[in-house]
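# Commentary on secondary and tertiary structure
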Amino acid sequence: DQLCGDEKVAPPSSSSDDGSSNKLELVVNGKVFHVVNAALMCFRSISAYVSYWKTLPSARVHILDCLRRQLKSFNSRCAILILGADAMKKSAANLRAITAKHLALCSETISAVAAMIPSLMALDDGVNVDVISRTSSVAVAPSSFDEWNVVKQEFDDHNRDLFAKLVSIMQD
């Protein structure tokens, strides 16, 4: 499937290592990510927003703003669940402990969503990402790119925090 521009997202595949639990693999631009179900829901939502963006030109600014807010919310909720240990509460996932596996899956999920951000940024100007990266004369509203860069930075910061937590677990 194609979400936007040249961005390729392959349907998830399920595989099992020992027959007891399924692993979801999502391919974004040829890179395989091991993700949780929440990533699939997020990608469906991104796909819906891109579809709205394509069919409702007069609402494009609002649609992209909603998409940015949703991505920020997704990232924030993942951070609260895993780094904030909310997943251990009975009302959430009811985990007994947050393990290295949970940190790694969260990181992969965040990375898969973050891999889409450059193509979503390109929607703001309706041009191809390659044109944006090769051309300094592309007229793009700086505020919209600044907002996308904030979203991207938040995903990168979250991934860095997950890695730091993983390292601390391994050192213990």
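Think of each chain on its own: its residues are numbered from 1, step by step along the sequence as written. Thresholds applied to this predicted model are a pLDDT of at least 70 for local features of residues and 80 or more for the giving and counting of side-chain atom pairs; totals over whole chains, interfaces and linings are not thresholded and use all residues. Only hydrogens and water are set aside; all other atoms, that is, all heavy atoms of the structure, feed into the side-chain values.

### Comments concerning the packing of aromatic side chains
In this scheme Phe, Tyr and Trp rings, the latter by its six-membered ring, pair at centre separations within 6.5 Å, and the angle between planes marks the pair as stacked below 30 degrees, edge-to-face above 60, and tilted otherwise. Taken as a whole and assessed by the stated rule, the structure comprises one aromatic pair. Think of it as a cone above the ring: NZ of Lys or CZ of Arg counts as a charge over the ring if it is within 6 Å of the ring centre and within 35 degrees of the ring normal. Across the ring face of Trp53, the terminal group of Arg60 is positioned such that the distance to the ring centre comes to 4.0 Å.

### Remarks on the side chain of Asn159
By secondary structure assignment, the location of Asn159 is in helix 6 (residues 142-171). Judged by its relative accessible area of 18%, Asn159 falls in the buried class. Between N or O atoms, a polar contact is any pair within 3.5 Å; within protein, one atom must be a potential hydrogen donor and the other a potential acceptor, and residues adjacent in sequence are included only when both atoms are from side chains. A distance of 2.5 Å separates a polar atom in the side chain of Asn159 from a polar atom in the side chain of Ser107. Excluding residues that lie within four positions of it along the chain, Asn159 makes contacts with Ser107, Ile110 and Ser111. Each helix corresponds to a stretch of at least 4 residues labelled H or I by DSSP, and each strand to a stretch of at least 2 residues labelled E; elements are numbered beginning at the N terminus. Type-normalised accessible area, obtained with a 1.4 Å probe on protein chains alone, sets the label of each residue: buried when under 20%, exposed when over 50%, and partly exposed for intermediate values. Throughout, a residue-residue contact means that at least one pair of heavy atoms, one from each residue, lies within 4.5 Å.

### A closer look at the pattern of salt bridges
Definition used for salt bridges: Asp or Glu carboxyl oxygen within 4 Å of a side-chain nitrogen of Lys or Arg. Tallied over the entire structure, the rule returns seven salt bridges. In this structure, Arg68 engages Glu147 in a salt bridge whose closest nitrogen and oxygen atoms are separated by 2.7 Å. Of this pair, Arg68 sits in helix 2 (residues 60-82) while Glu147 sits in helix 6, and the two are 79 residues apart along the sequence. Judged by its relative accessible area of 7%, Arg68 falls in the buried class.

### Some remarks on the environment of His34
Locating His34 in the fold gives a position in strand 3 (residues 31-35). For the pair formed by His34 and Ala104, sequence separation is 70 residues and the distance between their alpha carbons is 8.8 Å.

### Side note on the confidence of the model for the protein
The predicted coordinates ought not to be read in detail in places where the model reports low pLDDT. Summary of the metric used: pLDDT quantifies the predictor's per-residue confidence within the range 0 to 100. Per-residue pLDDT for the protein averages 79, and the proportion of residues at 70 or more is 72%. Put simply, helix 5 (residues 129-134) is where the protein has its lowest mean pLDDT, 42, and helix 3 (residues 100-114) is where it has its highest, 94. In this model residues 15-21 is a low-confidence stretch, pLDDT under 50, and it forms seven contacts with partners more than four residues away in sequence or in other chains. In this model residues 127-142 is a low-confidence stretch, pLDDT under 50, and it forms 16 contacts with partners more than four residues away in sequence or in other chains.

### Some points on the nonpolar core
The biggest cluster of nonpolar side chains holds 38 residues, and the ones touching the most others in it are Leu71 and Leu120. Secondary structure elements with two or more residues in this core: strand 2 (22-28), strand 3, helix 1 (37-55), helix 2, helix 3, helix 4 (117-123) and helix 6. Residue types Ala, Val, Leu, Ile, Met, Phe, Trp, Tyr and Cys, when buried and joined through side-chain atoms within 4.5 Å, form a set referred to as a nonpolar core.

### Some details on the side chain of His158
The residue His158 is located in helix 6 in this model. Those residues in contact with His158 that lie beyond four places of it in its chain are Asn75, Cys78, Ala79, Leu83, Cys106 and Ile110.

### Considerations on the packing of helix 1 against helix 3
Only C-alpha atoms enter the line fits that serve as axes; for helices the fit covers just the stretch in contact. Angles between N-to-C directions range over 0 to 180 degrees. In contact at an axis separation of 10 Å, helix 1 and helix 3 are set at 10° when each is read in the N-to-C sense. Judged on the interaxial angle alone, helix 3 and helix 1 are roughly parallel. Seen from helix 1, the contacting residues are Ala39, Cys42, Phe43 and Ile46; seen from helix 3, they are Thr109, Ala112 and Val113. Under the convention adopted here, Pro, Cys and the residues Ala, Val, Leu, Ile, Met, Phe, Trp and Tyr are nonpolar, Asp, Glu, Lys and Arg are charged, and Gly plus all remaining residues are polar. Residues of the contact of helix 1 with helix 3, tallied by class, amount to six nonpolar, one polar and no charged. Each angle gets one of four labels, with under 35 degrees taken as roughly parallel, over 145 as roughly antiparallel, 65 to 115 as roughly perpendicular, and the rest as oblique.

### Description of helix 3
Expected span, for any helix, means 1.5 Å times one less than how many residues it has. With 15 residues, helix 3 should cover 21 Å at 1.5 Å per step; its first-to-last C-alpha distance of 21 Å lies within 8% of that length. Of all the positions in helix 3, only Leu103, Cys106, Thr109, Ile110, Ala112, Val113 and Ala114 are classed as buried.

### Points about the packing of helix 2 against helix 3
Two elements in contact, helix 2 and helix 3, have axes separated by 11 Å at closest approach and are oriented at 175°. Judged on the interaxial angle alone, helix 3 and helix 2 are roughly antiparallel. Contact residues: helix 2 offers Leu71, Phe74, Asn75, Cys78 and Ile82, while helix 3 offers His102, Leu103, Cys106, Thr109, Ile110 and Val113.

### Topic: the environment of Leu64
Along the polypeptide, Leu64 turns up in helix 2. Separated by 14 residues in sequence, Leu64 and Val50 have C-alpha atoms that sit 8.5 Å apart. Contact partners of Leu64, with chain neighbours within four places excluded, come to Trp53, Leu120, Leu123, Asp124 and Trp148.

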